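What the coordinates show
Next come the chains, spelled out residue by residue.
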Amino acid sequence: MESDLLTRLRADLADAAYTVDRLQQLWGADADAALHRGDRVLALRTARAAGLEPVALLARLFRLHDTLTGPELAAAFPALGVEGARALGLVGEAGRALIDVGPLTAIDGAGAAEWWIVSDLDEQALGGALPPGHVLGVGGASLTLAGLQPTTPVGSVLDLGTGCGVQSLFAARRAARVVATDVSTRALELAGATFALSGVDTVELRHGDLYAPAAGERFDRIVSNPPFVITPRREGVPLYEYRDGGRVGDGIVEEVVRGARDHLVPGGTAHLLGNWEYRDDEDGLSRVTRWLEQAGLDGWVIERERQSPAEYAATWIRDGGTRAGTLEFERLVGEWLDDFADRGVVGVGFGYLVLRHPAPGTATLRRTEVVTSPRPDAAAGLGDTLLAGFAMHDRLAPLDDAALAELRCAVAGDVTEERHYWPGADGPTVIRLRQGGGLARQIEADAALAGFVGASDGGLTVGEIASALAHLLEVEEGALLAQLLPQVRELLVTGLLTLSE
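This report concerns the structure included in the present document. All residue numbers refer to position in the chain's written sequence, counted from 1. The predicted origin of the model limits local features to residues at a pLDDT of at least 70 and limits the giving and counting of side-chain atom pairs to 80 or more, whereas totals for whole chains, interfaces and linings rest on all residues. Hydrogens and water molecules were not included; the side-chain quantities draw on all heavy atoms of the structure.

**Notes on the overall build of the chain**
- A count of helical and extended segments in the chain gives 19 helices and 16 strands.
- Here the chain has a C-alpha radius of gyration of 26 Å; the compact-globule value for 501 residues is 23 Å, and the two agree.
- Dimensions of the chain, computed from C-alpha atoms along their principal axes, come out at roughly 85 × 50 × 50 Å.
- Accessibility here uses a 1.4 Å probe with only protein chains present; expressed as a share of the type maximum, an area under 20% marks a residue as buried, one over 50% as exposed, and anything in between as partly exposed. Scored against the burial criterion, the 501 residues of the chain give a buried share of 51%. Think of it this way: any DSSP run of H or I at least four residues long counts as a helix, any run of E at least two long counts as a strand, and we number them from the N terminus. Taken over C-alpha atoms, the radius of gyration is set against a globule rule of 2.2 Å times the number of residues to the power 0.38.

As C-alpha cells, this is what we get:
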C-alpha cells in the first residue's frame, strides 16, 4: 500500500481517537457486550445517532460493517479523502469496507500502546464462508500468544507466520530487530500496512514457507501461531492459508518444533501455539515429547483443551464460515471424520509450547501437562511465568533433598486458599490452593501441604517447617519431609512458592 496514503490514514485514525477505549465509550458497556456475542444492533444505533463524528463513522465502517454515504466517507477521512480511501482498497463504490482496520490496545511491562490492525473482513461482514486466501485479524489465539511472549528484552525475534502482524507488534516492544515471515503475499502486504499505521519500523518482512526465509540465521526468540489446523487433504475441502500449512495431520507443528533449534541461539526460546494428534498407538503429549527429544530441545508443553474428532471438525468448519445444519456442513464433517479414521486419530489436543535451545548451565526440562483451569486474562504475563519456571528448574536441579530442605520459601502473593467442610465436621474435606496469575492453577492439598504453604513466609527453612508440622500432626518427621520435598519443588517451579534469599 502507498506509504503517503497510509500516513494520511494514520492521521485520520489518530485525530478521530479511533481506539478501543473510545469505541467502548461511544456505545457503552451493554452494546460492547452484545458485540462480543455477535450482535451489533445496539452499537450500530448509537454510532448512527452520533452523526458525522469521525470516530462513529470509522466504527460504523470497520467495526459494524455499515454502509456510509459519500459525505459520511468524506467526514470519516478528512486527510486521506474518499479517493485516497478507495485507492488504498479500504472502501468500495457502494460505501462499504473492503478490508478491516481495527484498534488494539496493549498494556504490559513496556507500558501502554495503541495500534491499528489491518486484516480481511470476517465471515460476519462477508455474510458467508471465507475465501481461501483470507488474512485473519485479532482473535483469542492472537492475544493468548501475545501473553505467551516474554516481556524481557532481547536482540532479535523471528515471527514465524506473521499473518496481519500482531505478534510482531508485541515483539517489537522488546526486541531491537524483528523478522516476520509468511507464505502469503497478501498477509505480508496487510502486515506492512499494520506496521505503517502503528508507527513500527523495526520489522523486516520476508516471504516464504516456515523457516526458509530465515535460513542460516539464529534468533534470541521465536514466536509463532503456525497454521496448524488439521485439514483433510481431500477434494472439495477448502484450504485456508491462515490456518492450513499444507502438511498432513499435525505435521506442521512437528516441523516447527524440529526446526527451532537450528534457528535459536543457545539459551534462546520459542513460544508457540499448536495442536497434536492422539492416535490409536500413541498419546498426543508423548508425540510432542518425542519431537523434543529428537530435536535436542528443552520444552514445556501445556495442553489446554482436548477435542474428539467430531468436536474438532465442527469447530474448524464453523470457523471457516460454514453454518451448522447445512448440507455443506454435514458433507465437510464427513470428510474430516473419514480422514481421522483412516489415520487412526482418536482426539486432538490444543495448547502452548515453550521450547529452549539448551545452553551451558541449564538443566534438561521436558515437561508436559494438562491444565484446563480457566485463566482470568489470556494476555497477562504467561510467557514471563513459564520462563521463570525454566529458571527455577535450572536452580533446583542440582540440589539434592538435603540441600532443598535448607531453602527458605515464601508463598507467592497471588495464591489463596479455599476450604470446604461437611456440615458439623471438625476439619475440611477439601483444601484447594488457587493461583491468581500464571496458569491459574488449582492444587488439591492435604493438611500437611496446606500447613507448609501457610507457614512459608521466608523465615524458616523447608526442613524446619516440616519438623514443626510433623510434631503438630503427630506423624514421623522423616516421612513427612520425604512427602513434602517433591511437592515443594513443584510449587516452586510452577510459581506458587518463591525462594527467599
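**Side note on the pairing of strand E13 (residues 430-435)**
- Here, any two strands with at least 2 DSSP bridges between them count as paired. As judged from the six bridges shared by strand E12 (residues 415-420) and E13, these two strands associate in the antiparallel manner. In the sheet register, Glu 418 faces E13, and the bridge partner there is Arg 432.
- The sheet contact formed by E13 and strand E14 (residues 442-445) spans four bridges and is antiparallel. Across the sheet, the residue bridging to Arg 434 is Gln 442, located in E14.

**Brief notes about the packing of helix H17 (residues 447-455) against helix H19 (residues 477-493)**
- Where H17 contacts H19, the axes come no closer than 10 Å and their chain directions differ by 60 degrees. Accordingly, the angle class assigned to the pair H17 and H19 is oblique. Handedness of the crossing formed by H17 with H19: right-handed. Every residue of H19 that contacts H17 at Ala 448, Leu 449, Phe 452 and Val 453 is listed here: Leu 480, Gln 483, Leu 484, Gln 487, Val 488 and Leu 491.
- Charged residues are taken to be Asp, Glu, Lys and Arg, nonpolar residues to be Ala, Val, Leu, Ile, Met, Phe, Trp, Tyr, Cys and Pro, and polar residues to be all remaining types, Gly included. Its residues assigned to classes, the contact of H17 with H19 comprises eight nonpolar, two polar and no charged. Angles shown run from 0 to 180 degrees and are taken between the N-to-C directions of axes, each axis being a line fitted to C-alpha atoms and, for helices, limited to the stretch in contact. Just so you know how the angles are binned, under 35 degrees is roughly parallel, over 145 roughly antiparallel, 65 to 115 roughly perpendicular, and the rest oblique. Handedness of a helix crossing follows the sense of rotation of the near helix relative to the far helix, less than a right angle counterclockwise being left-handed and clockwise being right-handed. What makes two residues a contact is simply this: any of their non-hydrogen atoms within 4.5 Å.

**Describing the sheet that holds strand E16 (residues 497-499)**
- Strands sit in the order E15-E11-E16 across an open sheet of three strands; the sheet is antiparallel. Both outer strands of the open sheet, strand E15 (457-461) and E16, are each paired with one neighbouring strand and no more. Averaged over neighbouring strand pairs, the angle between their axes works out to 35 degrees when direction is ignored.
- Here strand E11 (residues 408-411) runs beside E15; their pairing, made up of two bridges, is antiparallel. Bridge pairing links Ala 410 to Asp 457 in E15.
- Contacts from H19 reach E11 and E16 within the one sheet, and its direction differs from that of E16 by about 90 degrees.

**Observations regarding the pattern of salt bridges**
- Just to be clear on terms, a salt bridge is a Lys or Arg side-chain nitrogen sitting within 4 Å of an Asp or Glu carboxyl oxygen. Counted by the stated rule, this structure contains 38 salt bridges.
- The salt bridge partner of Arg 287 is Asp 250, with a shortest N-O separation of 2.8 Å. Of the two residues, Arg 287 sits in helix H12 (residues 284-295) while Asp 250 sits in the loop between strand E6 (219-224) and helix H11 (251-260), which places them 37 residues apart along the sequence. Here Arg 287 and Asp 250 have matching classes, each one buried.
- We note a salt bridge from Arg 367 to Glu 369, for which the minimum N-O separation is 3.1 Å.
- Classification of Arg 367 as buried rests on a relative accessible area of 14%.
- One connected set of salt bridges, linked through shared partners, spans Arg 234, Glu 328, Arg 331, Glu 335 and Asp 342.

**Quick notes on the sheet that holds strand E4 (residues 175-182)**
- The mixed open sheet is built from eight strands, whose spatial order is E5-E4-E3-E6-E7-E9-E8-E10. Looking at which strands have only one partner, the edges of the open sheet turn out to be strand E5 (203-207) and strand E10 (366-370). Ignoring which end each strand starts from, the neighbouring axes of this sheet average 20 degrees apart.
- Here helix H8 (residues 140-148) sits on the sheet and contacts E6, strand E7 (264-279) and strand E9 (345-356); the angle it forms with E7, its principal contact strand, is near 145 degrees.
- Contacts from helix H10 (residues 185-198) reach E4 and E5, with the element oriented near 170 degrees to E5.

**What about unusual backbone geometry?**
- A positive phi angle is found at His 65, which is not glycine, with a value near 60 degrees.
- By secondary structure assignment, the location of His 65 is in the loop between helix H4 (54-63) and helix H5 (70-76).
- Of note in this structure, Glu 474 is not a glycine but carries a positive phi near 60 degrees.
- By the element assignment, Glu 474 lies in the loop between helix H18 (462-473) and H19.
- You can call Glu 474 exposed: its relative accessible area is 73%.

**Things to note about empty space enclosed by the protein**
- Computed over the protein atoms alone on a 1 Å grid, cavities are sets of points where a 1.4 Å probe fits but cannot get out and pockets are open sets with protein on both sides within 12 Å along at least five of seven lines; a residue lines them when it has an atom within 4 Å of a point. Grid points are joined across faces, edges and corners, and a volume is the space filled by probe spheres set on the points. Evaluated as defined, the whole model comprises three cavities of 30 Å³ or more.
- By volume, the largest cavity amounts to about 40 Å³.
- Taken together, Trp 300, Thr 385, Leu 386, Gln 435, Gly 438, Leu 439, Arg 441, Val 493 and Thr 494 make up the lining of the largest cavity.
- Taken together, the residues that form the lining of the largest cavity break down as four nonpolar, four polar and one charged.

**A closer look at the side chain of Ser 456**
- Residue placement: Ser 456 occurs in the loop between H17 and E15.
- Not counting the four nearest positions on each side in its chain, Ser 456 is found in contact with Cys 409, Ala 410, Val 411, Ile 465 and Leu 497.

**A few points about the environment of Arg 343**
- Relative to the helices and strands, Arg 343 resides in the loop between helix H14 (327-342) and E9.
- In this structure the C-alpha to C-alpha distance between Arg 343 and Pro 238, which are 105 residues apart in sequence, comes to 20 Å.
- If we ignore the near neighbours within four places in the chain, the residues touching Arg 343 are Ile 230, Val 248, Gly 249, Glu 277 and Arg 279.

**Overview of the environment of Ser 198**
- Mapped onto the secondary structure, Ser 198 falls in helix H10.
- Separated by 29 residues in sequence, Ser 198 and Leu 169 place their C-alpha atoms 8.3 Å apart.
- Leaving out residues up to four positions away in the same chain, Ser 198 has contacts with Arg 10, Trp 115, Trp 116 and Leu 169.
- Among the polar contacts listed, one links the side chain of Ser 198 to the backbone nitrogen of Trp 116, at a separation of 3.1 Å. Any pair of nitrogen or oxygen atoms within 3.5 Å is treated as a polar contact; in protein, a donor-acceptor pairing is required on top of that, and neighbouring residues in sequence qualify only through side-chain atoms on both sides.

**Overview of the packing of helix H15 (residues 382-396) against H19**
- For the pair H15 and H19, interaxial distance at closest approach is 8 Å and the crossing angle is 145 degrees. Across the interface between the two elements, Gly 389, Met 392, His 393 and Leu 396 from H15 touch Arg 489, Leu 492 and Val 493 from H19.
- For the contact of H15 with H19, the residue count by class is four nonpolar, two polar and one charged.

**Points about the packing of aromatic side chains**
- Side-chain rings of Phe, Tyr and Trp (the six-membered ring for Trp) are treated as a pair once their centres are within 6.5 Å; stacked means planes under 30 degrees apart, edge-to-face means over 60, and tilted covers the remaining angles. Per the counting criterion, the structure on display carries eight aromatic pairs.
- Centre to centre, the rings of Trp 115 and Phe 170 are 5.0 Å apart; their planes meet at 80 degrees, and the pair counts as edge-to-face. With Trp 115 in strand E2 (residues 111-119) and Phe 170 in helix H9 (residues 166-172), the pair connects residues that are 55 residues apart, well separated along the chain.
- Arranged with centres 5.8 Å apart and planes meeting at 40 degrees, the rings of Phe 228 and Phe 350 form a pair that is tilted. Of this pair, Phe 228 sits in the loop between E6 and H11 while Phe 350 is found in strand E9, placing the two residues 122 residues apart along the sequence.
- The buried category is assigned to Phe 228, whose relative accessible area is 6%.
- Judged by its relative accessible area of 24%, Phe 350 is partly exposed.
- By way of ring pairs, the aromatic residues Tyr 18, Phe 62 and Phe 77 are connected into one cluster.

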